[in-house]
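Analysis of the macromolecular model
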Amino acid sequence: MTETTPPNPIRSARLLIAGLVAVIVVLALALIVLTVQRSAEVSARPERVNVLADSQDECVACHRQSTPGIVEQYGHSSMAAAKVTCQDCHVVAASYPGAVAHEGTHVLNQPTTAMCERCHAAEVAQFNQSRHALPSYVAVAGSQELTPELLAAYQAIPEGQFAPDKARNIIAQLEGPEITRFACENCHNIGKPAADGSVGQCQKCHSRHEFSLEQARKPETCNNCHIGPDHPQWEIYFESKHGIAYATGGENWNWEAEPGTLTVQDFPAPTCATCHFSGFGGTGTTHDAGDRLTWYLFAPLSERRPAWQDNQVRMQSVCSACHNQNFVDTYYTMADGATEAVNAFIVQSNDILQPLRDQQLLTDQLFDEPIEFTHYETWHHYGRTAKFGVWMQGADYTQWHGAYEVVKGLAELRHLADELLTR
Ligand code: HEC
Ligand code: HEC
Ligand code: HEC
Ligand code: HEC
Ligand code: HEC
Ligand code: HEC
Ligand code: HEC
Ligand code: HEC
């Protein structure tokens, strides 16, 4: 008897289920193998433990409930490992300017540089001498509201008062404080004075509460402010050979290397911090952003800085850790030439406007006539961008977002001026 069993629907369903189960088991096994491999890789990296995990400290114990993120971040920081406490930065006497009563003590909600200064006197002193400190703040807020002490401190900064054109402040007035507190002030408050008379906000670069070297050394930190049409340093860096090296190999660089000991082994190519802040080559670590600069590039017409020769030696000794001195000298000579060439274009743009002012064809008010915007953008956006592109190796910014727009601006200015003069 040949009995061909008719297809049994229950049996085929079972087979299907068994098959599916087998597939799932295989997939799950594969996943487990991958995860094990993954965690082996992760644990190969030095993992910083949370030193506050078992802390009985009262701030930590309570804030583990109210703000677990802060305790988690701070617990992984090197400062927590060095036994610096929440109290060290936050707790002050009841009479301290800005103190608020909190859980039986008094705290600052926003610890000031006076708190950091107790342990980091050198960094605070260098920062205070730089244009990141009071000059940044004064660029927007003016110096009228400064206390006599702060005014004296501002006037004592050697490179502090060089600011030949504050045209942007008129733009701030046109926009109004509802806007500018989210715009100008957000960036320029890096140098804002606090109630206790100390200056600046270290946390603009050292994000709380990790205070990580890796984060401060990465160019994204500067991207908070050094971007956009008038100071596109971030964009320029990313199209430079240095930025390409960072973007394509940076994950293998030694980001947590001890400050002051950095070599080409840690950083085969520079980030913003390497050239402007880090101890590298023959140059020591600094918190004065102007310490290595030759020119005032942000100015309409660039001039050399006081003591620029010393600054230049410091910057070049960073370059020379990776480049031949002859290569660096040649580069500087050509970049000086390009800076002078942009100056010459901007002189032309001023000369085009002068007869209009002489013949009172423009109002005294700035930024109420289209030609004033064209003139302003020619130096403030494009002239600067061309210079920044030259000095930090961004060919496209030097060319199409820089020099090209400058010569185009000159043609437009001539046309607009002729119209006004022959009207
Ligand atoms: C018993 C719980 C508790 C303790 C102890 C405690 N905090 Fe707080 N803290 C809170 C809570 C809840 C908040 C948010 C509500 C508030 O502002 O009071 C807070 C807010 C804060 C703020 C922000 C205040 C603001 O207005 O933005 C700071 C800074 C702070 N705590 C620091 C500390 C420090 C430093 C200590 C240790 C000296 C501490 N806290 C101890 C519970 C606590
Ligand atoms: C090295 C100094 C430092 C230490 C140590 C420190 N903080 Fe802060 N903390 C700051 C700074 C700076 C700010 C203000 C940041 C700002 O407003 O831009 C801040 C802000 C805060 C705030 C209010 C802002 C927010 O995000 O809610 C709380 C709450 C706070 N800290 C709690 C703590 C606790 C809890 C600890 C200990 C686990 C601690 N801090 C340790 C420097 C410190
Ligand atoms: C009570 C002393 C003390 C105070 C206050 C203090 N620090 Fe520190 N800080 C230290 C010590 C100690 C270290 C060294 C940690 C190390 O090298 O392992 C350190 C390291 C650092 C580092 C380098 C981190 C690293 O991984 O090497 C930064 C950035 C920093 N502090 C920023 C600040 C800022 C910003 C403030 C003020 C808001 C501040 N500190 C307040 C003691 C302090
Ligand atoms: C995205 C951040 C950012 C915003 C927004 C911003 N600035 Fe700036 N500003 C900078 C940076 C960065 C420089 C430095 C450029 C350089 O040195 O090459 C600068 C330079 C300046 C300068 C020239 C330096 C000086 O001290 O004279 C002035 C003036 C100025 N800004 C005013 C303003 C005003 C007014 C506004 C708002 C209308 C504003 N800025 C908006 C980041 C910003
Ligand atoms: C413009 C960004 C910026 C600001 C603002 C800033 N820092 Fe730094 N800081 C850095 C960078 C970048 C490094 C890493 C330097 C290096 O590569 O060695 C650093 C390193 C440090 C270190 C470790 C240095 C060492 O030699 O051990 C300390 C401490 C520190 N900063 C404190 C401060 C304090 C305090 C302030 C506020 C007065 C501040 N920083 C403001 C960018 C900044
Ligand atoms: C929160 C905003 C902010 C951040 C973040 C910031 N800067 Fe600045 N920076 C400014 C402003 C504003 C100025 C212009 C100050 C002036 O001339 O008035 C400036 C000026 C400078 C200058 C020129 C100084 C001079 O003497 O003319 C350099 C160089 C510089 N920054 C480098 C950096 C680097 C590198 C970083 C990142 C590690 C950084 N900045 C992060 C706001 C910032
Ligand atoms: C290879 C080194 C190097 C790197 C990387 C670098 N810079 Fe520069 N930077 C320079 C040099 C050189 C100058 C021109 C200095 C002079 O005046 O001699 C300059 C100029 C500047 C200026 C203009 C200051 C003025 O006078 O207006 C700012 C602001 C600045 N850099 C910020 C940055 C930022 C932000 C980054 C990263 C996004 C960065 N730099 C990356 C070397 C570097
Ligand atoms: C930490 C090492 C390091 C430092 C410091 C450094 N560079 Fe470089 N630089 C490099 C590397 C890597 C390249 C890419 C070389 C290549 O293209 O093969 C490069 C490329 C260049 C180029 C060629 C760009 C191109 O488009 O071909 C110039 C120009 C340059 N650097 C100038 C400078 C100047 C100026 C300084 C100092 C302000 C400096 N570098 C600092 C590593 C460095």
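Reading the values: the criteria
- Residues numbered from 1 in each chain as written.
- Chains lettered and ligands numbered in written order.
- Predicted model: local features only at pLDDT ≥ 70, side-chain atom pairs only at ≥ 80, totals over all residues.
- Near = placed C-beta within 6 Å.
- Helix = DSSP H or I, 4+ residues; strand = E, 2+ residues; numbered from the N terminus.
- Nonpolar A, V, L, I, M, F, W, Y, C, P; charged D, E, K, R; others polar.
- Axes fitted to C-alpha atoms, helices over the stretch in contact; angles between N-to-C directions.
- Parallel < 35°, antiparallel > 145°, perpendicular 65-115°, else oblique.
- Contact = placed C-beta atoms within 7 Å.
- Core = buried A, V, L, I, M, F, W, Y, C linked by C-beta atoms within 7 Å.
- Buried ≥ 20, exposed ≤ 12 C-beta atoms within 10 Å, placed from the backbone.
- Arc of directions from axis to C-beta.
- pLDDT = per-residue confidence, 0-100.

1. Topic: the site of ligand 4
- Every one of the 20 residues lining ligand 4 counts as a neighbour, but Ala 139, Ala 163, Arg 168, Cys 184 and Cys 187 are closest to it.
- Counting only elements with at least two residues in the shell around ligand 4, the list comes to helix H8 (134-141), helix H10 (167-175) and helix H12 (184-188).
- If one sorts the elements of the shell around ligand 4 by residue count, H10 sits on top with 4 residues.
- Residues that form the shell around ligand 4 fall into these classes: 12 nonpolar, 6 polar and 2 charged.

2. Some words on the packing of helix H2 (residues 58-66) against helix H3 (residues 68-75)
- Interaxial distance between H2 and H3 falls to 6 Å at its minimum, and their mutual angle equals 125°. In terms of orientation, H2 and H3 fall into the oblique class. Within the contact between the two elements, H2 uses Val 60, His 63 and Arg 64 and H3 uses Pro 68, Ile 70 and Val 71.
- A breakdown of the residues in the contact of H2 with H3 according to their chemical character gives 4 nonpolar, 1 polar and 1 charged.

3. As for the site of ligand 1
- Taken together, 14 residues form the shell around ligand 1, and within it Cys 59, Cys 62, Ser 66, Cys 86 and His 90 come nearest.
- Listed by contribution, the elements that provide at least two residues to the shell around ligand 1 are H2, helix H5 (86-90) and strand S2 (105-107).
- Here the residues of the shell around ligand 1 are counted per class, giving 5 nonpolar, 7 polar and 2 charged.

4. A closer look at unusual backbone geometry
- Residue His 209 follows Arg 208 across a cis peptide bond; omega there is -10°.
- Inspection of the secondary structure assignment puts His 209 in the loop between H12 and helix H13 (213-217).
- If you check the backbone angles, Phe 211 has positive phi at about 45° while not being a glycine.
- For Phe 211, the location among the structural elements is in the loop between H12 and H13.

5. Focus on the nonpolar core
- Formed by 37 residues in total, the largest nonpolar core has its most connected members in Leu 134, Val 138, Ile 236, Tyr 237, Ala 386, Phe 388 and Met 392.
- In terms of residue count, the dominant contributor to this core is helix H19 (residues 370-392) (8 residues).
- Not counting residues within four places of it along the chain, the set of residues in contact with Met 392 comprises Gln 233, Ile 236, Tyr 237 and Ser 240.

6. What about helix H15 (residues 241-249)?
- Among the residues of H15, His 242, Gly 243 and Tyr 246 are the ones counted as buried. Axial view of H15: buried residues confined to an arc of 95°, hence all on one face. Within H15, the exposed residues directed more than 90 degrees away from the buried face are Lys 241, Thr 248 and Gly 249.
- Of the surrounding elements, those touching the buried residues of H15 are helix H14 (233-239).

7. Observations regarding the packing of helix H18 (residues 325-358) against H19
- The contact between H18 and H19 brings their axes to 9 Å, and the two run at 175°. It follows from the interaxial angle that H18 and H19 lie roughly antiparallel. The residues of H19 that touch H18, namely those facing Ala 335, Ala 338, Thr 339, Val 342, Phe 345, Ile 346, Ser 349 and Leu 353, are His 375, Thr 378, Trp 379, Gly 383, Ala 386, Lys 387, Val 390 and Trp 391.
- Classifying every residue of the contact of H18 with H19 gives 10 nonpolar, 5 polar and 1 charged.

8. What to know about the confidence of the model for the protein chain
- Averaged over the protein chain, the pLDDT score is 91; the fraction of residues at 70 or greater is 89%.
- Note that pLDDT drops below 50 for residues 1-6; the model gives that stretch 0 contacts with residues more than four away or on any other chain.
- Taken together, the stretch residues 35-45 has pLDDT below 50 and engages in 0 contacts with residues farther than four places along the chain or on a different chain.

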